[in-house]
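# Understanding the architecture of this molecule
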Amino acid sequence: MTTPPHHQPPEIRVIAAGDSFREWASLNDTIMGGSSSAGCRFSDQGLVLEGEVVSEGGGFVSCRSPVYRPPLDLASYSGLRLRLDGEGRSFKFAVACRDGVFGLTELIPGGLRWVTTIATELTDTTVVELPFDRLKPVVRAKPVSLPVRFDPSCVTRLQLLHSRFGDDGEPNPGYRAGAIKLLIRSIEAF
């Protein structure tokens, strides 16, 4: 009897690029009474988030993946690499996970997310690597100190936001109200 060879995961795993962006959708501050308006649309270059950011009453626009069922198992990887054109703005990248704390974080209103801030180039494509150990737990833009640990084996959703607040809950220095156009070219695990 022969033992099957051990298979290493690929060095890079494409999470979202091209056609896989078709199921992504926008989520804006209108869910909490704000008046920003932006929509996601698939293009031949990637996912475009386009619209108007209004600071009063909320101050964020975002695009997010569908819920991954089953969750993505990224335990064999160190982090995520994004390629995006963001007009010099700073964005929050958020990851939702099914947790190992008896599912309790899913009961938190607004949900627990693991976030980090991404600064983009003014005119060029920004390529940024986000190690999983850089992600910080937050609920509704506020850092939390729950005894939780990021688990890359059960990623349920990805989201990119342009928000008044950074990953530390403080004002985002790369935030601008007004017209916005973001192009997400790809998201990969590395």
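Now for a look at the structure at hand.

About the thresholds
- Every chain's residues receive numbers from 1 upward, in the order its sequence appears when written.
- Only residues with pLDDT of at least 70 are given local features in this predicted model, and only at 80 or more are side-chain atom pairs given and counted; all residues enter the totals for whole chains, interfaces and linings.
- Calculated side-chain values reflect all of the structure's heavy atoms, with hydrogen atoms and water omitted.
- Note on definitions: salt bridges are taken to be side-chain nitrogens of Lys or Arg within 4 Å of carboxyl oxygens of Asp or Glu.
- Here the term buried applies to any residue with accessible area under 20% of the maximum for its type, exposed to any over 50%, and partly exposed to those in between, with areas from a 1.4 Å probe on protein chains only.
- Every helix listed is a DSSP run of H or I at least four residues long, and every strand listed is a run of E at least two residues long, numbered separately from the N terminus.
- A pair of strands is labelled paired if DSSP reports no fewer than 2 bridges between them.
- Cavities and pockets were defined on a 1 Å grid built from protein atoms only: a cavity is a group of points that admits a 1.4 Å probe but offers it no way out, a pocket is an open group of points flanked by protein on both sides within 12 Å along at least five of seven lines, and a lining residue is one with an atom within 4 Å of any such point.
- Grid points are joined across faces, edges and corners, and a volume is the space filled by probe spheres set on the points.
- Under this grouping Gly is polar, as are all residues other than the nonpolar Ala, Val, Leu, Ile, Met, Phe, Trp, Tyr, Cys and Pro and the charged Asp, Glu, Lys and Arg.

Further remarks concern the pattern of salt bridges. If you walk through the whole model with that rule in mind, you get 8 salt bridges. We note a salt bridge from Arg 41 to Glu 50, for which the minimum N-O separation is 3.0 Å. Several salt bridges share partner residues, and in doing so they unite Arg 81, Arg 83, Glu 129 and Glu 188 into one network.

Turning next to the pairing of strand β7 (residues 90–97). Counting buried positions along β7 gives 8 out of 8 residues, so the element sits mostly inside the fold. Of the two faces of β7, the one carrying Ser 90, Lys 92, Ala 94 and Ala 96 and the one carrying Phe 91, Phe 93, Val 95 and Cys 97 are both buried. As paired elements, β7 and strand β8 (residues 112–119) share 6 bridges and run antiparallel to each other. Paired with Ser 90 across the two strands is Ala 119, which belongs to β8. Examined bridge by bridge, β7 and strand β12 (residues 155–163) share 6 bridges and lie antiparallel to one another. Each residue of the ladder has a partner; that of Ala 96, found in β12, is Arg 157.

This part covers the layout of surface pockets. If you add up the space inside the largest pocket, you get close to 630 Å³. Lining the largest pocket are 26 residues, and of these Met 32, Phe 60, Arg 140, Ala 141 and Leu 161 lie nearest its centre. With 4 residues, β12 is the largest single contributor of residues to the lining of the largest pocket. Class assignment for the residues of the lining of the largest pocket results in 12 nonpolar, 7 polar and 7 charged.

Read from one edge to the other, the open sheet built from 7 strands follows the order β2-β5-β12-β7-β8-β10-β11, with strand pairing classed as antiparallel. Every interior strand has two partners, whereas the edge strands, β2 (25–26) and β11 (142–143), have only one. Where strand β5 (residues 60–64) lies against β12, 5 bridges are found, and the strand directions are antiparallel. Residue pairing across strands places Phe 60 opposite Ser 163, the latter belonging to β12.

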